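Descriptive analysis of the structure
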Amino acid sequence: DIQLTQSPSFLSASVGDRVTVTCRASQGISNGLAWYQQKPGRAPKLLIHTASTLQSGVPSRFSGSGYGTEFTLTINSLQPEDSATYYCQQRRDYPITFGQGTRLEIK
Amino acid sequence: EVQLVEFGGGLVRPGGSLRLSCTASGSTFSTNWMSWVRQAPGKGLEWVATINPDGSVKFYVDSVRGLWTISRDNAKNSLDLQMNNLRAEDTAVFYCASLLRGVTTFDYWGPGTLVTVSS
């Protein structure tokens, strides 16, 4: 199985900041990575797929990059509503796997 | 846009069975790959199973293969998950999700239904 490791597990930042979350895969997955945002009590929401393609309707302050084994999610100009847990997910092979999550707190 | 709603969650005893259903709105259900994803309380996301549009191809996480069955009825825009031999560690919110066309990525999710396995 392909393991995904996210860092950091917890992040605290202020409104207007730029933050970066990293996702590392245990083997190369090409560009087969997605990012989701999940708020408490809610279903996850797709932000980015294919490593860097912004899902329709997602604000442009979210961006993704990476290839192979290392990927990043960047949020520019952090907003209060960005407080959530963020997950990466690989689609290179079954079983589909997720990272353990990164909780983002807005100070 | 696809809207998904799950049904069938509840309390079940260890070793018991439960059948979850997901109803989809929209005309694209019959052409979408569909999945179930679960989340144990306070934990991360875990993919459970995926089915192709005509139901002929199915994938399962190792821990449920042979015990659980994913199925669909395209005439009813319905996706099911039959769960047998449930264990306490199966306690989770179960989400129904559609896969983005051509990409094994989950673009639409239902609100989830809670399954609690406890005596």
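Residues numbered from 1 in each chain as written. Chains lettered and ligands numbered in written order. Predicted model: local features only at pLDDT ≥ 70, side-chain atom pairs only at ≥ 80, totals over all residues. Heavy atoms only, no water.

1. A word on unusual backbone geometry
In this structure, Pro8 of chain A follows Ser7 of chain A across a cis peptide bond, with omega equal to -5°. By the secondary structure assignment, Pro8 of chain A is in the loop between β1 (4-7) and β2 (10-13). With an omega of 0°, the peptide bond between Tyr94 of chain A and Pro95 of chain A qualifies as cis. When you line up the elements, Pro95 of chain A lands in the loop between β9 (84-90) and β10 (97-98). The phi dihedral of Thr50 of chain A is positive, around 50°, even though this residue is not glycine. Inspection of the secondary structure puts Thr50 of chain A in the loop between β5 (45-49) and β6 (53-54). On the basis of relative accessibility, which here comes to 17%, the residue Thr50 of chain A falls in the buried class. For Asn77 of chain B, which is not a glycine, the phi torsion comes out positive at approximately 50°. On the secondary structure map, Asn77 of chain B appears in the loop between β7 (68-73) and β8 (78-83). (Helix = DSSP H or I, 4+ residues; strand = E, 2+ residues; numbered from the N terminus. Buried < 20%, exposed > 50% of the residue type's maximum accessible area, 1.4 Å probe, protein only.)

2. Description of the state of the cysteines
As enumerated under the stated definition, the model contains two disulfides over all chains in all. The residue that forms a disulfide with Cys23 of chain A is Cys88 of chain A, at a sulfur-sulfur distance of 2.1 Å. Taking the sign of the S-S torsion, about 70° here, the bridge from Cys23 of chain A to Cys88 of chain A comes out right-handed. Within this pair, whereas Cys23 of chain A is found in strand β3 (residues 19-25), its partner Cys88 of chain A is found in strand β9, the two being separated by 65 residues in sequence. By relative accessible area, which is 0% here, Cys23 of chain A ends up buried. On the accessibility criterion, Cys88 of chain A (0% relative accessible area) is buried. A sulfur-sulfur separation of 2.1 Å characterises the disulfide bridge that pairs Cys22 of chain B with Cys96 of chain B. On the S-S bond that ties Cys22 of chain B to Cys96 of chain B, the torsion sits near -65°, and the link is left-handed. Of this pair, Cys22 of chain B sits in strand β3 (residues 18-25) while Cys96 of chain B sits in strand β9 (residues 92-99), and the two are 74 residues apart along the sequence. For Cys22 of chain B, a relative accessible area of 0% gives the class buried. (Disulfide = S-S within 2.5 Å.)

3. Details of the pairing of β7 of chain B
Residues and elements named next belong to chain B. Here β7 shows one buried face, formed by Trp68, Ile70 and Arg72, and one open face, formed by Thr69, Ser71 and Asp73. Relative to β8, β7 runs antiparallel, the two sharing six bridges. Across the sheet, residue Trp68 finds its bridge partner in β8, namely Met83. Between β7 and β8, which pair antiparallel and follow one another directly, the connecting turn spans four residues, one of which, Asn77, has a positive phi of 50°. (Pairing = 2+ DSSP bridges.)

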